[in-house]
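Given next are the chains, with one letter for each unit.
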Amino acid sequence: MCPVLLSNGNKLESGDIGADRHYVIWEDPFLKPCYLFAVVAGDLGSIKDSYRTKGGRNVHLEIYTESENVDKLDWAMESLKASMKWDETTYDLEYDLDMFNIVAVNDFNMGAMENKGLNIFNTAYVLAKPETATDNDYENIEGVVGHEYFHNWTGNRVTCRDWFQLTLKEGLTVFRDQQFSSFMGSDAVNRIENVRGLRARQFPEDSSPLAHPIRPEQYQVMDNFYTSTVYQKGAEVIRMYHTLLGDKGFKKGMKLYFERHDGKAVTCDDFRFAMADANKVDLDQFERWYLQAGTPTLEAFGKYDEAEKTYSLTLRQLTKPTPNQSEKLPFHIPVAVGLLRKSDGVEIMPTKVLELKESEQTFLFEGVEGEPVPSILRNFSAPVKLRFEYSDEDLAFLMKYDTDSFNCWEAGQQLAQRMILGLTDLAQKGEPLPEISPIFLDSFEATLMQGNMDKSLQAYALSLPVASAMAEEMDVIDPDALSSAIKHVKLSINAALKQKLLNRYTALAPSGPYVKSSDEVGRRRLRNIILGYLHVSKDSDAIELCYDQYVSADNMTDKMAAISCLVNIESSKTDLALKSFYEFGKDDPLVLNKWFSIQALSDLPNVLEKVKTLTEHPDFTLKNPNRLRSLIGAFTGNMTKFHAKDGSGYEFVGKVVIETDKINAQVASRLAGCFRQWKRFDESRQSMMKEQLLRIKNAEGVSRDTLEVVTRCLG
């Protein structure tokens, strides 16, 4: 029985036709490409609401899912209404139909799909209540609901001429959902989260055999180009328009884009032309961001002339060769720069956007009163790798005084990364690891003890750089040495600041029941980061602290933080927590996915055997994309276990890729991408990863999706 029948557009008519059958007639008055057509038939529950547009029309809103999950739909509805309001206020874009429906299903390869008036969602990006969803889940739902709604104009009303233009709709819409998330929360925190993700996922893609421009030049299976490069780097390219033109200029360009192309299928060039024409600027060279793959390196050199009171800043760009692109032309790079006086930390030049168009250019600043420390690439104004010879003291100075929140955080990240990579070098040589940098430790302590700082920002400031991003800085990636260095730093922080960490953790205890607010999200985030440092001692006190939080928590955020620490410690309390978590979540697929993931990400020695055992668990199946990603996908992100010296992690994942390919080629091809950086490792690991790539390539009946990925990986 299918009591619910949905499709695109507005509902015109419905009725019974006898013999337990019924019909519904839908009409979409707007032109759309065929990939946006959708039909849903099923027995679903729903919640309903309405939204009154800027123009005075009432839009019926309804979100559908399985009846047992209807109590988890409220946040998605709130996010939808907030998205509609934001798009009207920010870009003067009003919803155009009388109805907007969302359907959430458990078995879905992607995150969501923007079918006109009938968005289809993975339940992971719709269902939420405090007991089952973390604060990050809530943020992701808000962002993805916004993203798919924003596609109504950037993707649906104005769509792509062909699939090569995919970033036209995806890069632009990711940028718009980032703007929306910043508006709903903290601009600085959102920017940090975006860049952490870019460095962890897209930068490695750009340095691998799978590197491609945001507008690919060729493909065999288009599904393989729904990538971090097309989405996240594509969004950074759109952000650079915004940085170059300013908010007012960017909105002028958007207005002209819609005036010219509403109801049409267009290209990335059409968007660029609209931005250029609306602002009467030359953006011809900017096209290279669409044509060239790779992450540029931005080298910077500064010199202060005390007599002339001038500061010169020389910028140099270099992009390494990528597949089929051995030579690179200079990009058009916006570089946001500020100057702070070294003697007292006063900002003597606010943010100025420099436009680097040549391989090397020098910019001169006049009237500079006192030697400055430059704050370069403010708010991460371009997706590049910055190289500037800051001393440790300079970085500590920027952490303390920089008025740009992103660069204040970035200075701390660079200070930590420099120290960790230095320790990694020593670990590779088999030398004992020394005490950690006192400058780093003092800066960490100062950040920890700040009482008037945004707590989410404080949490990120206390977080070490993402391991995969640091690995990008190594000539040859050594996961064991890098992991040893990271553990050494965490243990050193614990040993030096244990009581202060504990005092801060205690002071951040909840004062009442769970509340969904920015302040409370920040408090939980900061407290759980501190718990991460406290648990590394793995002693009885650490076990009790984590277990007490797990037992007493009234929300999934705090439960997940506690059990994610416990799984790194062999103890009876860990076993109790895992059993309890399973019993709580066994009837909720999204909670059960968390149970699988936390075990796959443990740093205990027997993780691979545990993961293999879990593949035999009655609740595990390769047929559900979310379940497969929760266990196998998570395991590939466990750096030391997946990259085990004996190759056992590679062999296991290679086998799973082949098995999955027979069931779901799209998911299998994505999983195969975990081998993409094989050439960045030592010869032994290279050989073992290559063996698995060849094994997958030569598997009987391998799909076109997976064959394309492994062939490109092999080069």
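Overview of the structure. All values reported here derive from a predicted model rather than from experimental measurement.

1. A word on the pattern of salt bridges
For the coordinates displayed, the defined rule picks out 52 salt bridges. Salt-bridge contacts for arginine 57 lead to glutamate 94; the nearest nitrogen and oxygen are separated by 3.9 Å. You can see arginine 57 sitting in the loop between strand 5 (45–52) and strand 6 (58–65) and its partner glutamate 94 sitting in the loop between helix 1 (74–91) and strand 7 (99–105), a full 37 residues away along the chain. A residue is classified by how much of its surface remains accessible, and glutamate 94, at 24% relative accessible area, is partly exposed.

2. What to know about the packing of helix 4 (residues 187–206) against helix 5 (residues 228–261)
Closest axis-to-axis distance for the helix 4/helix 5 pair is 9 Å, and the angle between their directions is 125°. One element, helix 4, and the other, helix 5, form an angle in the oblique class. Between helix 4 and helix 5 lies a crossing of left-handed hand. Listed contacts from helix 5 to Arg191, Asn194, Leu198, Arg201, Gln202, Glu205 and Asp206 of helix 4 are Ser228, Thr229, Gln232, Lys233, Glu236 and Arg239.

3. Points about the state of the cysteines
Throughout the structure, instances matching the rule amount to zero disulfides. The structure places no disulfide on cysteine 565, whose sulfur is separated from the nearest cysteine sulfur, that of cysteine 546, by 4.5 Å. For cysteine 565, a relative accessible area of 6% puts it in the buried group.

4. Examining a negative patch on the surface
A cluster of acidic residues, Asp305, Glu306, Glu308 and Glu371, forms a negative patch at the surface. Structurally, glutamate 306 is set in the loop between strand 12 (297–305) and strand 13 (310–318).

5. Overview of the nonpolar core
Ranked by size, the top nonpolar core spans 203 residues in total, and within it Tyr241, Phe250, Phe271, Leu313, Val335, Phe440 and Ile493 carry the most contacts. No other element matches the 14 residues that helix 5 contributes to this core. Apart from the residues within four sequence positions on either side, leucine 313 is in contact with Ala300, Phe301, Gly302, Val337, Leu354, Gln361, Thr362, Phe363, Phe365, Ile376 and Phe388.

6. Quick look at the side chain of aspartate 402
With respect to the helices, strands and loops of the structure, aspartate 402 is situated in the loop between helix 8 (392–401) and helix 9 (405–428). At 2.7 Å, the side chain of aspartate 402 and the side chain of serine 375 are in polar contact. A polar side-chain atom of aspartate 402 sits 2.9 Å from a polar atom in the side chain of arginine 378.

7. Comments concerning the packing of aromatic side chains
For any pair of aromatic rings, geometry is given as the distance between the ring centres together with the angle between the planes. Applying the stated criterion to the full structure yields 35 aromatic pairs. Ring centres of tyrosine 95 and tyrosine 149 lie 5.9 Å apart, and the angle between their planes is 45°; this geometry places the pair in the tilted category. Here the residue tyrosine 95 occupies a position in the loop between helix 1 and strand 7, and tyrosine 149 occupies one in helix 2 (residues 135–150), the gap between them amounting to 54 residues. Residue tyrosine 95 shares its accessibility class with tyrosine 149, and that shared class is buried. Across from the ring centre of tyrosine 550, 4.3 Å away, lies the NZ or CZ of lysine 559, which sits over that ring.

8. Describing the pairing of strand 17 (residues 372–376)
Each regular strand displays side chains that alternate between the two surfaces of the sheet. With five of five residues buried, strand 17 is to be regarded as a mostly interior element. The alternating pattern of strand 17 places Pro372, Pro374 and Ile376 and Val373 and Ser375 on opposite faces, both of which are buried. Of the strand pairs in this sheet, strand 14 (residues 333–341) and strand 17 are connected by five bridges, and their pairing is antiparallel. Looking at the pairing, valine 337 lines up with isoleucine 376 of strand 17.

9. Let's talk about the sheet that holds strand 14
Judged by pairing direction, the sheet is antiparallel, and its three strands sit side by side in the order 15-14-17 without closing on themselves. On the outer flanks of this sheet lie strand 15 (347–356) and strand 17, each paired with one strand and no other. Each adjacent strand pair in this sheet contributes to an overall mean axis angle of 25°, direction not counted.

10. Comments concerning the pairing of strand 5
The sheet contact formed by strand 5 and strand 6 spans eight bridges and is antiparallel. Of the residues in strand 6, the one forming a bridge with aspartate 49 is leucine 61. Between the end of strand 5 and the start of strand 6, which pair antiparallel, lie five residues, with glycine 56 showing a positive phi angle near 95°.

11. Remarks on the sheet that holds strand 7
Spatially, 5-6-7-9-8 is the arrangement adopted by the five strands of the open sheet, whose pairing is mixed. Every other strand in the sheet has two partners, leaving strand 5 and strand 8 (112–113) as the edge strands with one partner each. Sheet strands touched by helix 2: strand 7, strand 8 and strand 9 (118–122). Its angle to strand 9, the strand with the most contacts, is close to 150°.

12. A few points about unusual backbone geometry
Excluding glycine, most residues fall at negative phi; most peptide bonds, likewise, are trans. At aspartate 20, a position not held by glycine, the phi torsion is positive, near 60°. Tracing the backbone shows aspartate 20 in the loop between strand 2 (10–18) and strand 3 (21–27). The exposure class of aspartate 20 is exposed, given its relative accessible area of 69%. The backbone phi angle of asparagine 379 is positive, close to 55°, even though this residue is not glycine. Here asparagine 379 is to be found in the loop between strand 17 and strand 18 (385–387). Accessibility expressed as a relative area gives 28% for asparagine 379, which makes it partly exposed.

Calculation criteria
- Residues numbered from 1 in each chain as written.
- Predicted model: local features only at pLDDT ≥ 70, side-chain atom pairs only at ≥ 80, totals over all residues.
- Heavy atoms only, no water.
- Salt bridge = Lys/Arg side-chain N within 4 Å of Asp/Glu carboxyl O.
- Helix = DSSP H or I, 4+ residues; strand = E, 2+ residues; numbered from the N terminus.
- Buried < 20%, exposed > 50% of the residue type's maximum accessible area, 1.4 Å probe, protein only.
- Axes fitted to C-alpha atoms, helices over the stretch in contact; angles between N-to-C directions.
- Parallel < 35°, antiparallel > 145°, perpendicular 65-115°, else oblique.
- Left-handed = near helix turned anticlockwise from the far one by under 90°.
- Contact = heavy atoms within 4.5 Å.
- Disulfide = S-S within 2.5 Å.
- Patch = residues over 30% accessible without salt bridge, like charges linked within 9 Å, V, L, I, M, F, W, Y side chains within 5 Å.
- Areas by Shrake-Rupley, 256 points an atom, 1.4 Å probe, with all protein chains shown as cover.
- Lys, Arg positive; Asp, Glu negative; His and termini not counted.
- Charge placed at Lys NZ, Arg CZ, Asp CG, Glu CD.
- Core = buried A, V, L, I, M, F, W, Y, C linked by side-chain atoms within 4.5 Å.
- Polar contact = N/O pair within 3.5 Å; in protein donor to acceptor, adjacent residues only side chain to side chain.
- Phe/Tyr/Trp six-rings, centres within 6.5 Å; stacked < 30°, edge-to-face > 60°.
- Lys NZ or Arg CZ within 6 Å of the ring centre and 35° of its normal.
- Pairing = 2+ DSSP bridges.

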